[in-house]
2 protein chains.
Amino acid sequence: MDYTVVALDAMGGDNAPSEMVKGAVDAVNARNDIKVILVGKEDIINKELSEYTYNKEQVQIKNATEVIETAEHPVAAIKRKKDSSMVVGLHLVKDGAAEAFVSAGNSGALLTGGLGIVGRIRGIERAPFGTLFPVKSGVALLADSGANVDCRPSHLVQFAKMGSIYMEKVVGIKNPRVAIVNVGAEEEKGNALVKETMPLLKECEDINFIGSIEARNIPNGDADVIICDGFVGNVILKLYEGLASTLVSVIKGGLMSTLKSKIGAALALPALKKTLKAFDASEYGGAPLLGLKGLVVKTHGSAKAGEVRNTIFQCVTFKEQRINELIRDYIVIDKKKED
Amino acid sequence: MDYTVVALDAMGGDNAPSEMVKGAVDAVNARNDIKVILVGKEDIINKELSEYTYNKEQVQIKNATEVIETAEHPVAAIKRKKDSSMVVGLHLVKDGAAEAFVSAGNSGALLTGGLGIVGRIRGIERAPFGTLFPVKSGVALLADSGANVDCRPSHLVQFAKMGSIYMEKVVGIKNPRVAIVNVGAEEEKGNALVKETMPLLKECEDINFIGSIEARNIPNGDADVIICDGFVGNVILKLYEGLASTLVSVIKGGLMSTLKSKIGAALALPALKKTLKAFDASEYGGAPLLGLKGLVVKTHGSAKAGEVRNTIFQCVTFKEQRINELIRDYIVIDKKKED
């Protein structure tokens, strides 16, 4: 059997190790083409694993004695904790022992470690987090959702190209519409970064660039790949999560405010829950760091087994679709054009 | 009677002139301390006015033969259309004939005209739009919500001070909590602008600066005055509007999906509508350009009579609380400290 080998940080995230281990078991029980290497404290992982039944050949443990905490300084943590689950897991990718590394731990450390240990594809200037999130019409990709808070125009152009490949090959949207986040649709609108990036994106013949997108049109799904610097991207993603959860709580409060509405709520709730589930960001798996030599994927800090399992599946698609090879080819063509 | 005189752009916005004129009439019929000068095409305004009963002394018309359209280039429009309702209305403020000018028209033109015709208070480097928006705990102020897409640290510090005055004096929140939009709460987080602004804000003894706010915590109301550059502010405000409306439509769709949920929806709808109304940004009136020598207020392009009326009331509070004098004093003290 030809497995896709995914290393999983068993110690990272709010619900580690139990939900990480459960997600790994769920993944291998659902598909026989996946092998998961659980990285972390061997005794703890073994104890968790003892609760499940699964094909032993598909799950392996790689011992790592340290854990990088969420609040730790990313650069210092990666430097000092050489035997942390994150550093050990990233080395598995670098050394070719795993095809992907998935972690729900410290995002900054994963970024630092991903760049330092796995490394960028030659020609890629910055690696953005590419995050899938729910929109009315389905799903859209945000790049950069938080890795690079200060960007140059050439970075955004690469985000657009890599995001376009990802959306077409992993999510399966043909000729995805790429748009840049802006404060208006008119030609003269934008901050310095957007104004400088706009003509460069217009010149890209190999992406379907549709121009500016105002933030108000993002939830409606007016673009498939949404490009911005990591500061703006983080604001968009976090506000999305915060506003959705606040609105749901406000709506629940409203439904509970009168006896009549309480009865109504009881009748309506199952259908409502189903609808809101489609707007739950955690359903869409993890965010890969696009443009690295191997696959490094961040899942939500609050990820539970279901999201972990989905993220592992996503890694298989990423590998099968040869995303990194496509990105590499893309950049090589670009560089040749410049010469 | 000592009136507060508010000039209103009768020709600006999607629902002009009818909703503008109706809003003006509603305002003077509700309060006898307001006089509204309707600025625009006299014959059209007169025709609209003929439908209402009101105290003639409280409504005046100032003829202006031109109209600046929404899609026009702001700088060119203000320069060329000297007899537009916007330019004429701004001159009323500059000349002291009105204490405020309210418009639902072209935001960029209002900003250009406000700066060029009314002018900034001496010492104010940039004038931000200060927009009130709904949060779970009530209302918060966003500055800058879109006037200055590229900012320097000193601009953000002034936004914080002016926003703090506005929130305390106009909205009535004692010692308002001021926070800067950031990608995390930790000390080392932020893009270059935020990192440079942070120590300056910490030094401000006269505001209640509470540090960073992540976008996810904005809807919950974790700060009263939210500071950022106009690009990020515009993204926040527009995404707020877009996501709220998309979620409401998704929820409605969910409620209509089964017969049981349809019955539930019918019972729950009145309470739900009331709750969601509290989350409707248009309830909170207009966004003043803070730091000008006179009061210039932008209302939503889609403003209807109710919002126009609320914005006119807001102008009265702004005048009564002597906001511009407070801002002027603040800046003078600041400048003295520097010497």
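Predicted, not measured: the structure shown is a model, and the values here were computed from it.

Chemist: Tell me about the overall build of chain A, and name the residues and values.
Modeler: Broken down by element type, chain A carries 11 helices and 11 strands. Its C-alpha atoms give chain A a radius of gyration of 21 Å, within 12% of the compact-globule value 20 Å for 339 residues. Along the first, second and third principal axes, the C-alpha atoms of chain A reach 70 × 60 × 40 Å. The burial tally for chain A puts 58% of its 339 residues in the buried class. Taking the contacts inside chain A whose residues are at least 6 apart along the sequence as the reference set, 71% of them involve residues at least 24 apart. Split by element, the accessible area of chain A, about 13800 Å² in all, is 50% carbon and sulfur.

Chemist: Summarise the relation of the copies chain A and chain B; cite the residues concerned and give the values.
Modeler: In screw terms, the move from chain A to chain B is a rotation of 180 degrees and a rise of 0.0 Å along the axis, fitting with an RMSD of 0.0 Å. Considering both components of the superposition, the chain copies are consistent with a two-fold axis. Scanning chain A for the C-alpha nearest the rotation axis identifies Gly-264 of chain A, at a separation of 1.8 Å. The fraction of interface residues of chain A whose copies in chain B are also interface residues reaches 100%, indicating that both copies meet through the same surface.

Chemist: Lay out the packing of helix H6 (residues 153–171) of chain A against helix H10 (residues 305–320) of chain A in plain terms, naming residues and giving numbers.
Modeler: Residue and element names in this part refer to chain A. Contact geometry of H6 with H10 gives a least axis separation of 9 Å together with a crossing angle of 105 degrees. Judged by the angle between their axes, H6 and H10 are roughly perpendicular. Across the interface between the two elements, Tyr-166, Lys-169 and Val-170 from H6 touch Gln-314, Thr-317 and Phe-318 from H10. Of the residues that constitute the contact of H6 with H10, the class distribution is 3 nonpolar, 2 polar and 1 charged.

Chemist: Quick rundown of the side chain of Asn-234 of chain B? Include the residues and the values.
Modeler: Inspection of the secondary structure puts Asn-234 of chain B in helix H8 (residues 230–255). Look at Asn-234 of chain B and you get buried, because its relative accessible area is 9%.

Chemist: Can you break down the environment of Glu-214 of chain A residue by residue, with the values?
Modeler: Turning to its location among the elements, Glu-214 of chain A is positioned in strand E8 (residues 208–214). Setting aside chain neighbours within four positions, we find Glu-214 of chain A in contact with Asn-182, Val-183 and Gly-184 of chain A together with Lys-238 of chain B.

Chemist: Tell me about helix H4 (residues 85–94) of chain B, residues and numbers included.
Modeler: Residue and element names in this part refer to chain B. Of all 10 residues that make up H4, 8 are buried, and the element is covered over most of its length. Regarding H4, the residues found buried are Ser-85, Met-86, Val-87, Val-88, Gly-89, Leu-90, Leu-92 and Val-93. After H4 finishes, the residue Gly-96 shows a positive phi value of roughly 85 degrees.

Chemist: Tell me about the pairing of strand E1 (residues 4–9) of chain A, residues and numbers included.
Modeler: Residue and element names in this part refer to chain A. Extensive coverage of E1 is indicated by the burial of 6 of its 6 residues. The two faces of E1 match: Thr-4, Val-6 and Leu-8 on one face and Val-5, Ala-7 and Asp-9 on the other face are all buried. Between E1 and its parallel partner strand E2 (residues 34–40), the chain crosses via helix H1 (residues 18–30), and the hand of that crossover is right-handed. Where E1 and strand E4 (residues 100–103) come together, 3 bridges link them in parallel fashion.

Chemist: Break down unusual backbone geometry for me, citing the residues and quoting the values.
Modeler: Residue and element names in this part refer to chain A. Backbone torsion omega between Ala-16 and Pro-17 reads -5 degrees, so that peptide bond is classified as cis. In this fold, Pro-17 is placed in the loop between E1 and H1. The backbone phi angle of Asn-175 is positive, close to 50 degrees, even though this residue is not glycine.

Chemist: Summarise the sheet that holds strand E7 (residues 177–182) of chain B; cite the residues concerned and give the values.
Modeler: What links the strands of a sheet is backbone hydrogen bonding, and the strands pair in either a parallel or an antiparallel sense. Residues and elements named next belong to chain B. Read from one edge of the open sheet, 5 strands run E5-E6-E9-E7-E8, paired in mixed fashion. The outermost strands of the open sheet, each flanked by one partner alone, are strand E5 (131–135) and strand E8 (208–214). Strand-to-strand, the axes of this sheet are offset by a mean angle of 30 degrees, without reference to chain direction. Taken together, the 3 bridges between E7 and strand E9 (residues 225–227) define a ladder with parallel strand orientation. Residue pairing for E9: Ala-179 is matched across the bridge by Ile-226.

Chemist: Break down the sheet that holds E8 of chain A for me, citing the residues and quoting the values.
Modeler: Residues and elements named next belong to chain A. Strand order across the open sheet formed by 5 strands is E5-E6-E9-E7-E8, with mixed pairing between neighbours. Looking at strand neighbours, the two that pair on one side only are strand E5 (131–135) and E8, the edges of this open sheet. Within the sheet, the average angular offset between the axes of one strand and its neighbour, ignoring direction, is 30 degrees. One ladder, built from 6 bridges, connects strand E7 (residues 177–182) with E8; its direction is parallel. Paired with Val-181 across the two strands is Ile-213, which belongs to E8.

Chemist: Report on the packing of aromatic side chains, specifying residues and quantitative values.
Modeler: Here the structure, examined in full by the defined rule, presents 4 aromatic pairs over all chains. Ring centres 5.1 Å apart and planes at 80 degrees place the aromatic pair Phe-133 of chain B and Tyr-240 of chain B in the edge-to-face group. Taken as a pair, Phe-133 of chain B in strand E5 and Tyr-240 of chain B in helix H8 lie far apart in primary sequence, 107 residues in all. A relative accessible area of 2% means that Phe-133 of chain B is categorised as buried. It is Arg-31 of chain A that lies over the ring of Phe-313 of chain A; its NZ or CZ is 5.4 Å from the centre. The ring of Tyr-54 of chain B has Lys-56 of chain B lying over it, and the distance from NZ or CZ to the ring centre is 4.3 Å.

Conventions used here
- Residues numbered from 1 in each chain as written.
- Chains lettered and ligands numbered in written order.
- Predicted model: local features only at pLDDT ≥ 70, side-chain atom pairs only at ≥ 80, totals over all residues.
- Heavy atoms only, no water.
- Helix = DSSP H or I, 4+ residues; strand = E, 2+ residues; numbered from the N terminus.
- Rg over C-alpha atoms; globule rule 2.2 N^0.38 Å.
- Buried < 20%, exposed > 50% of the residue type's maximum accessible area, 1.4 Å probe, protein only.
- Contact = heavy atoms within 4.5 Å.
- Areas by Shrake-Rupley, 256 points an atom, 1.4 Å probe, with all protein chains shown as cover.
- Least-squares fit on C-alpha atoms with pLDDT ≥ 70 in both.
- Axes fitted to C-alpha atoms, helices over the stretch in contact; angles between N-to-C directions.
- Parallel < 35°, antiparallel > 145°, perpendicular 65-115°, else oblique.
- Nonpolar A, V, L, I, M, F, W, Y, C, P; charged D, E, K, R; others polar.
- Right-handed = clockwise from strand over helix to strand, strands pointing away.
- Pairing = 2+ DSSP bridges.
- Phe/Tyr/Trp six-rings, centres within 6.5 Å; stacked < 30°, edge-to-face > 60°.
- Lys NZ or Arg CZ within 6 Å of the ring centre and 35° of its normal.

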